[in-house]
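# Coordinate inspection notes
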Amino acid sequence: MTTQSLDMSEWPFYAPLALAVAGLVLFTLAQLWRRSWAVLFGLTITGVLAGTSWAARNGLWLPESGASIGREVDFLFNLILGLTTFFFLLTEGILLWALWNHEPASGQSPKPIHGDHRMELIWTIVPGILLAGIAIVQMPTWARMKGSGNESWLSSMYDASGDKADLLISVQGRQWEWRIRYHDPALPQPARPMEWAAKPDSSDLHAVNEIHAWPGAKVRLFLRTNDVIHSFFVPQLRIKQDMLPGRTAPAWFIPAPADTTRENHWEIACAELCGGNHYRMRGLVVIHPDKAAFDAWYAASASEQSRRNRAAVATQAANKAS
Amino acid sequence: MPRLPVARTIQMAAAFFVVVISAGCGRVEWNDDLEYPDRTSPLVQMEKHPDQGPLGFPPPGKAPVVPEWLIARGVSVFNPATLADQEWSARWLASLKEEIFRHFGSPGKPRVGAVDALALVALANDLGLSEPKLVEGARLYRRLCVQCHGISGDGVGAASLWLNPAPRDLRTGDFKFISTAEHKLPTGFQPLKARPRTEDLVKTLKAGLEGTSMPSFALLGESPLESLATYVIHLSIRGELEHTVLLGALRQDRETTQAISKNPAQEELIRYKKMLATTLEWEDPDADVDDFVAKQSSPSVRAFGEKYLDRIMREYEAANKNPIVVPAYPYPADKPAPASSVTAGHAIFKAQCVNCHADYGRQSDLRFDVWGSVVRPANLTVSQYKGGRRPIDLYHRIARGIPPCAMPKANLGDTDPAKAGWDLVNFLLALPHPDQLPEEIRPQVYGNSAQRGTGAKQ
């Protein structure tokens, strides 16, 4: 900057310039103080924009999608965010312009616009068109998210006679944990999965707080709660579904992580304030690199629980004892 | 329009942001200078579980132990506050407080074994009760457990009054879901109390207790869970020493009361000897209580405490080496349980279990447990197991019983106990699922119209 090239031996030459700069700064400060409301709003908006862009570039944004439906959801998200940002900037800009040019000390009184039909028409019809547009654009995605789109394996949500899902998982939320139950993937699926969700089979695998799957697995979830309202939220899977007492909420996902060479660990967070330890109601979605890794995990977990391998468990205990 | 005061607005906005931001800064952890509170809750002396169970659960918001209910059924309940009335017992109280602090420190600086009690410290280190682990465990405990289990492990944390089943009171040293059983040392005289292995406590922390308010803490990871389990052992040993000395000063069994009524002036000595007897004789039936007492100038809680801690920790040591031996599974391991096995298990169940698990547990009568709180024998038709659902968990319950709840261990007979034990497990695992029960048993459990879907009592 220029300050670095200042040569102090030539001080007398720079003196008028320095005085002029100081005067300009003082004048600007005085102007700014007179327009302090405009400055305050201007700084706030700039701060919000700067903070948001900084956050977006530093991993504080929506996490990278790991779901088959992620691209569509993100498109809608960005579309709506873009529209609202545009109008936010437009209205705030007008507000700022008005504050800057019509500071109260000037004594001008503004021209009243109450009852201006033309303007009212504009700010009613334009948002109306936009909202209708958004409503139409989001329809196919919403239908797919809720399981009534063109996913054939979900086509019979309430009576899956066609064995198309890879995993059926019942998730029971309670204060403050997720109780997970898997239908044995090696067995034929129940004719009425909603009934299975309410009542365990003897072959089920029981787990707590961990949902395991593999990339490309078609996973159907049945979300229930033991006590109060919880909400099952996995940002990477772009799923957020409330769990209401007495009801079973179906949901689904197909993991599509960007990096399939490793295990992906995503947090399940309860997104509905559910009591004192709500913050602690966390779980984990584990996406294994491939189906074989999932199968190995499933076999290991099931062998602890299942009736078949009890002998192995018992022998281990006996060996330990001796 | 009057001009708005800008400076004031900025000040207000700043103050507002400070309030909003600091709203998340509640005191998550208790301070490190906290001390364990003295025990004030009633002591239940349950020599024998009362024949007549309670009529219901205490209403929500009331303490889980209702002294009047217990007293009405012949169980002694004592109030530790009465100890301050007599000169000798007040001395015991003061000395107990000092001893407990010496051996166990405070929640901020927990330890097991006083610095100068080298033998105890060595035992504690062998058990993994090292100070860094205890400090970490204590910190986690104050963050995650204290809401229900209380700062001293008394089971009456802030939320506890609204929970059923009530959170565990750790201070009696009794545990329900563990993989060890009461047993005798080869040289032993008295049976050893069954102590949990660290991995039993870690398992409970990992899986939670299904059907209770105890959630899973699995996501904390292995090492923090182990520290937490270690701290639970610390709390339990601490509470048990306190419990034993208080009960020693208060107990009202026939032998003690008779001796005291004959010689009221000697109450302190009589009670002290009684307390010592069980502690000294546990491994040596010839231990001479009088000789032990003669070596001291007067009954000393300190001398007793060190003896008692030595006993408890060696019981833990023995438990770690002697888990319940689970016999090999007598049927082909890769096939479903044979119908004959389920039938045999059903016969054992009918003979031994239905008294308490009436109608397979669907109509169980309530009982008192050793803590004096109300429990319900499990409904075994709903496929929900507090102590774990693995076959080996069920085997452990059968092999040890659940003594704190007066559930006896199953009598598996002499001919082939291994087979009988696994038969019972096979039956229990099949019980909630009508389609898994043999034809002749299904109607006995689910009636004639039984179909899949009638298993759970909704």
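What counts, and where the lines are drawn
- Residues numbered from 1 in each chain as written.
- Chains lettered and ligands numbered in written order.
- Predicted model: local features only at pLDDT ≥ 70, side-chain atom pairs only at ≥ 80, totals over all residues.
- Helix = DSSP H or I, 4+ residues; strand = E, 2+ residues; numbered from the N terminus.
- Buried ≥ 20, exposed ≤ 12 C-beta atoms within 10 Å, placed from the backbone.
- Contact = placed C-beta atoms within 7 Å.
- Domains from an automatic or database assignment.
- Nonpolar A, V, L, I, M, F, W, Y, C, P; charged D, E, K, R; others polar.
- Core = buried A, V, L, I, M, F, W, Y, C linked by C-beta atoms within 7 Å.
- Axes fitted to C-alpha atoms, helices over the stretch in contact; angles between N-to-C directions.
- Parallel < 35°, antiparallel > 145°, perpendicular 65-115°, else oblique.
- Pairing = 2+ DSSP bridges.
- Arc of directions from axis to C-beta.
- pLDDT = per-residue confidence, 0-100.
- Expected span 1.5 Å × (residues − 1).
- Left-handed = near helix turned anticlockwise from the far one by under 90°.

### Looking at the overall build of chain B
When helices and strands are tallied, chain B shows 16 helices and 4 strands. Overall, chain B is about 90 × 75 × 45 Å in size when its C-alpha atoms are taken along their principal axes. Across the 458 residues that make up chain B, the buried fraction comes to 40%. Across chain B, the fraction of contacts at a sequence separation of at least 24, relative to all contacts at a separation of at least 6, is 66%.

### Here we look at the overall build of chain A
A count of helical and extended segments in chain A gives 7 helices and 10 strands. Per-residue burial for chain A yields a buried fraction of 23% across its 322 residues. Contacts spanning at least 24 positions in sequence make up 69% of the contacts within chain A whose residues lie at least 6 apart.

### Brief notes about the domain arrangement of chain B
All names here are of chain B. Taken as a whole, chain B is organised into domain 1 (30–323) and domain 2 (339–446). At the interface, 30 residues of domain 1 touch 23 residues of domain 2. When its residues are assigned to classes, the side of domain 1 that touches domain 2 shows 17 nonpolar, 7 polar and 6 charged.

### Notes on the domain arrangement of chain A
Residue and element names in this part refer to chain A. On domain assignment, one finds that chain A holds domain 1 (38–104 + 123–145) and domain 2 (159–309). The centre of domain 1, based on its C-alpha atoms, is set 33 Å off from the matching centre of domain 2. Between domain 1 and domain 2, the contact holds 10 residues from the first and 13 residues from the second. Across the side of domain 1 that touches domain 2, the residue classes tally to 5 nonpolar, 4 polar and 1 charged.

### Some words on the nonpolar core
All names here are of chain B. In terms of nonpolar packing, the biggest core is built from 64 residues, with Leu 228, Ala 229, Val 232 and Met 313 touching the most fellow members. With 12 residues, helix H8 (residues 222–250) is the single largest residue contributor to this core. Residues from two domains meet in this core; each of domain 1 (30–323) and domain 2 (339–446) gives at least three. Setting aside residues up to four positions removed in sequence, Leu 228 forms contacts with Gly 137, Leu 140, Tyr 141 and Leu 205.

### Regarding the packing of helix H5 (residues 131–144) of chain B against H8(B)
All names here are of chain B. Viewed as axis vectors pointing N to C, H5 and H8 meet at an angle of 90°, and their least axial separation amounts to 7 Å. It follows that H5 is roughly perpendicular to H8 by the angle criterion. Across the interface between the two elements, Lys 133, Leu 134, Glu 136, Gly 137, Ala 138, Leu 140 and Tyr 141 from H5 touch Pro 224, Ser 227, Leu 228, Thr 230, Tyr 231 and His 234 from H8. Per-class residue counts for the contact of H5 with H8 are 7 nonpolar, 4 polar and 2 charged.

### Here's the deal with the sheet that holds strand S9 (residues 264–270) of chain A
All names here are of chain A. Pairing is mixed in the open sheet, where 5 strands are placed in the order S4-S10-S9-S6-S7. What marks the edges here is a single partner per strand, and that holds for strand S4 (210–213) and strand S7 (239–243). Strand after strand, the sheet turns through a mean of 20° between neighbouring axes, direction not considered. In this structure, S4 lies alongside strand S10 (residues 282–287), joined through 4 bridges in parallel fashion. Residue His 212 lies in a different strand from S10, and its bridge partner there is Val 286.

### Quick word on helix H4 (residues 118–126) of chain B
Residues and elements named next belong to chain B. Among the residues making up H4, those that are buried are Leu 120, Leu 123 and Ala 124. The buried residues of H4 all sit within an arc of 100° when viewed along its axis, so they share a single face. Counted as exposed and oriented over 90 degrees from the buried face of H4: Leu 118, Ala 119 and Ala 122. Positive phi appears at Gly 128, one or two residues downstream of H4, with a value of about 85°.

### Things to note about the confidence of the model for chain A
Looking at chain A, pLDDT values average 82 and 85% of them are 70 or higher. Of the regions scoring below 50 in pLDDT, residues 307–322 of chain A engages in 35 contacts with residues more than four places distant in sequence or in other chains.

### Some details on the environment of Ala198(A)
Relative to the helices and strands, Ala198(A) is located in helix H5 (residues 193–198). Taking the C-alpha atoms as reference, Ala198(A) lies 8.3 Å from Ser170(A); in sequence the two are 28 residues apart.

### A short note on the environment of Ala165(A)
All names here are of chain A. You can see Ala 165 is positioned in the loop between helix H4 (117–145) and strand S1 (167–174). According to the C-beta neighbour criterion, Ala 165 is buried, with 22 such atoms within 10 Å. Residues Ala 165 and Trp 153, spaced 12 residues apart in sequence, show a C-alpha to C-alpha distance of 5.9 Å.

### Description of the sheet that holds strand S5 (residues 219–225) of chain A
Residues and elements named next belong to chain A. With respect to topology, 5 strands assemble into an open sheet ordered S3-S2-S1-S5-S8, the strand pairing being mixed. Two strands lie at the open edges of the sheet, namely strand S3 (205–208) and strand S8 (249–253), each paired on one side alone. The mean inter-strand angle of the sheet, taken between neighbouring strand axes irrespective of direction, is 25°. Across 7 bridges, the pairing between S1 and S5 is parallel. Bridge assignment links Gly 173 to a residue of S5, and that residue is Thr 225.

### Points about helix H10 (residues 267–280) of chain B
All names here are of chain B. With 14 residues, H10 extends 20 Å between its outermost C-alpha atoms, agreeing within 8% with the 20 Å of an ideal straight helix rising 1.5 Å per residue. Taken as a whole, H10 has its buried residues at Ile 270, Arg 271, Tyr 272, Met 275, Leu 276, Thr 279 and Leu 280. Buried residues in H10 make contact with H8, helix H9 (254–262), helix H11 (289–294) and helix H12 (301–321).

### Describing unusual backbone geometry
Gln175(A) connects to Trp176(A) through a cis peptide bond whose omega is 0°. Here Trp176(A) is to be found in the loop between S1 and strand S2 (177–182). Look at the link from Asn164(B) to Pro165(B): it is a cis peptide, with omega at 0°. Mapping Pro165(B) onto the fold places it in the loop between helix H6 (146–149) and helix H7 (198–207).

### Examining the packing of H7(B) against H8(B)
Residue and element names in this part refer to chain B. In contact at an axis separation of 9 Å, H7 and H8 are set at 115° when each is read in the N-to-C sense. Where H7 crosses over H8, the two elements pack in a sense that is right-handed. For the pair H7 and H8, the contacting residues are Thr 198, Leu 201, Val 202, Leu 205 and Lys 206 in the first and Leu 225, Glu 226, Leu 228, Ala 229, Thr 230 and Val 232 in the second. Here the residues of the contact of H7 with H8 are counted per class, giving 7 nonpolar, 2 polar and 2 charged.

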